[in-house]
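Coordinate inspection notes
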Amino acid sequence: MRVFSHYPTKSAAEVNANSYHHIVVGGGTAGCVLASRLSEDPQQTVLLIERGPVVNSWISQVPLISSNFQDQRAPVYKWQSAPMRGIGGKSLSLAAGKALGGTTKVNGLIYSRSAPGEYNAWQDAGRKNWSWQDVEPFFKKSEHSLSHGQAIGRGTQGSWVNQHVQTEQFDIVQKFNIPCISMANDPSSPNVACTPQDATIDSNGHRCSTEVAFLPKTLVSNRKNLSICTGAIVTALDIRQGEDGHLRAVGVRFSLDSGNVDHKYTAYAIREVILCAGAIVSPQLLLLSGIGPREHLEEVQIPVLKNLPGVGQRLQDHISVPLLYKVPLKDAVEGVLLGSPLRAATEFLKYAIFGKGLLSQQVQQANITLPSALLDEHSRIPSDTPETQLDARDPHNIPDIEVMFLPVNPTNRTFQGLGTSFGIFSYLCTVLRPQSHGSLRLSSSNPRDRPRCDLGMFNDNVDRLPLRKALKLALALAQEVRKTGYPLEDLSIPEDTTDERLDEFSNDNVMSTFHYSSSCRMDTEKNLGVVDDELRVHGVAGLRIADASIFPRVPACHIQAPVVMVAERCAAFILANTVST
Ligand SMILES: Cc1cc2nc3c(=O)[nH]c(=O)nc-3n(C[C@H](O)[C@H](O)[C@H](O)COP(=O)(O)OP(=O)(O)OC[C@H]3O[C@@H](n4cnc5c(N)ncnc54)[C@H](O)[C@@H]3O)c2cc1C
């Protein structure tokens, strides 16, 4: 045990050369859930290896402050995407969490499940037992909804807590014939809605990461069959060919993330290795281990163990473009925290004493999601829209745009006077069902180098259509806000609403939504899939993947809740086939 750490982790040397029934690679969003579930059976030994540290400072609990992943001290990887052809060769800033709890330590806290039609579409595409009916119990299992506990379909018995806060702007939105619904994530709601957002914040006003929810210190201390090794980077999988010619994952190789990085360690899996290193590193580890497209592996001189063309092949992200407006200091996050020492001090005290106030909330408090095809030329939903087009269970009706309401500057652009003479309110316009996709390739054979991530934004120009509609809707919302007399001043918006200007503005201002997905898709090998319907890697026994990489396509929502659902399902698949020894 580490002498100075209160959280019970083990060092690389302590776990070196040991065998475990299950090895989970990456203690992030999914990895914490999986390690927790698999170790519920005391007969099963589980090793979780996480590259980042245990982060449990006071600041890391404060929702608003811990969401500031741009802060130098935030536990994140930051890197640049590959230049993207669809946006004129620009590369974008990317980030992902690096700590036990992974990206749930730094993300925007939004809890959203996507419309039931999302999963019914997976089922229609051949993904057996992944319909809404199949996945809903796994959303409920992990969830503890503080705001909607009585509602059918919401969970109260899980340990992952969420709640919502009330929002303004509803009156304005209703003018567009968009219903305002008080409960987000209601499967029986129509697919067109403005809702306050559920956020993974507990009753004390603390960030509820998957580390806090699924691997709290007391649980880890009591589970003698669970070993958690942090500060260790898995560098490759140990894959052997049996006498029968079949490949099998028998363990992992790892090093220290810092310090004596040359020392090599190994751990062995009696049953399975499960990759939970996220949509960027899970495919990277497969490639480094010789599993992936033959031409690419030969190009980087890695011996091919299994030619699996889908690895890294269809990397996706939601495409986002922000409209920025100047607002009075008192109405924006930067304005409150930087512009008024008195108000900032009051907010700190309110949070420190009661766990309430601005600091206890997520940045994004409401959004609109809808299928853009329903919007007319005035950005309104026609009142005679047939019921059938509003049914959220139907895969044809999945929302393809989102407009997020953010009282903050979501970009890394700097503005003179921001926080001292004005604040920023933004509408972040997002394409939720991009047809575009890119690919992920090794930039070198060094596991410490970030791979080359081409998110493929606007590789397919068809994605411009929903984005134009989202931008027009947001511009129209801003007009309505101004009509009420509120001083909303243009800061960064398109010159006009012609397609040409909107596209130009989009190319200049596009940003990642940080929802990297689908780089190891669940599909048949022929259709560029990497895992089967029980998340097993095609052609390699003893190896599964459970994280954001397995989505058949990026889900039309903020994706942490679907990732947790996938981890819950993966645990159930594994445990169903496990006879205690
Ligand atoms: C800034 C930001 C804001 C976001 N906001 C939201 C939001 O509000 N709501 C929402 O739903 N989604 C949000 N997302 C997306 C969502 O949080 C992620 O998609 C999701 O949490 C990813 O889960 P994961 O398990 O796939 O990966 P992660 O949670 O990233 O976990 C991967 C883990 O693997 C570890 N790891 C990596 N390489 C290795 C290695 N070689 N060896 C060992 N360990 C390794 C990492 O350190 C990390 O802990 C946001 C993402 C970002 C970056």
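In the block above lies the structure referred to throughout.
Throughout what follows, the structure given in this document is the object of discussion. (Residues numbered from 1 in each chain as written. Predicted model: local features only at pLDDT ≥ 70, side-chain atom pairs only at ≥ 80, totals over all residues. Heavy atoms only, no water.)

**Some points on the pattern of salt bridges**
Heads up, the condition is: Should a side-chain nitrogen of Lys or Arg be within 4 Å of a carboxyl oxygen of Asp or Glu, the pair is scored as a salt bridge. Numbering of helices and strands runs from the N terminus, with a helix taken as a DSSP run of H or I at least four residues long and a strand as a DSSP run of E at least two residues long. Here the term buried applies to any residue with accessible area under 20% of the maximum for its type, exposed to any over 50%, and partly exposed to those in between, with areas from a 1.4 Å probe on protein chains only.
As enumerated under the stated definition, the model contains 33 salt bridges in all. Across the pair Glu143 and Arg154 runs a salt bridge, and its minimum N-O distance is 2.6 Å. Within this pair, whereas Glu143 is found in strand β6 (residues 143–145), its partner Arg154 is found in the loop between β6 and β7 (160–164), the two being separated by 11 residues in sequence. An identical accessibility class is assigned to Glu143 and Arg154; each is buried. Among the ionic pairs, Asp391 bridges to Arg393, the shortest N-O distance being 3.1 Å. Each of Arg37, Glu40, Lys141 and Glu568 takes part in a single network of salt bridges with overlapping partners.

**A look at the packing of helix α5 (residues 132–142) against helix α15 (residues 560–576)**
For any two helices packed against each other, the geometry is given by the interaxial angle and the distance between the axes. As a reminder of what qualifies: Lines fitted to C-alpha atoms define the axes here, with helix axes fitted over just the stretch in contact, and angles between the N-to-C directions of these axes take values from 0 to 180 degrees. Angle categories are assigned with fixed cut-offs, so that under 35 degrees is roughly parallel, over 145 is roughly antiparallel, 65 to 115 is roughly perpendicular, and the rest are oblique. Between two residues, a contact is recorded if the distance between any of their heavy atoms is within 4.5 Å. Following the grouping adopted for this structure description, the nonpolar residues are Ala, Val, Leu, Ile, Met, Phe, Trp, Tyr, Cys and Pro, the charged ones are Asp, Glu, Lys and Arg, and the polar ones are all others, Gly among them.
The geometry of α5 relative to α15 is characterised by a closest axis approach of 9 Å and an angle of 100° between their N-to-C directions. Here α15 runs roughly perpendicular to α5, going by the angle between their axes. On α15, the residues touching Asp134, Val135, Phe138, Phe139, Lys141 and Ser142 of α5 are Ala561, Pro562, Val564, Met565, Glu568, Arg569 and Ala572. Across the contact of α5 with α15, the residue classes break down as eight nonpolar, one polar and four charged.

**So, the site of the ligand**
The test is simple: Only a single heavy atom is needed: when it lies within 4 Å of a molecule or strand, its residue is near that molecule or strand. We call two N or O atoms a polar contact when they sit within 3.5 Å, provided that within protein one can donate a hydrogen and the other can accept it, with sequence-adjacent residues counted only if both atoms are side-chain atoms. Throughout, the Shrake-Rupley method with a 1.4 Å probe supplies accessible areas, and for residues the shown protein chains are the sole cover considered.
Near the ligand you find 34 residues, and of these Thr29, Glu50, Tyr77, Thr103 and Gln560 are the closest. The separation between an oxygen atom of the ligand and a polar main-chain atom of Ala30 is 3.1 Å. Contacts to the ligand include Arg51, whose backbone N or O atom sits 3.2 Å from a nitrogen atom. Taking 1,000 Å² as the accessible area of the ligand by itself, protein coverage stands at 95%. For the shell around the ligand, the secondary-structure elements that each account for two or more residues are α2 (29–38), β2 (46–50), β4 (93–97), β11 (232–241), α9 (278–288) and α15. Of all the elements, β11 adds the most residues to the shell around the ligand, at three residues. Its residues assigned to classes, the shell around the ligand comprises 18 nonpolar, 12 polar and four charged.

Purely geometric stuff here, so don't read any function into it on its own.
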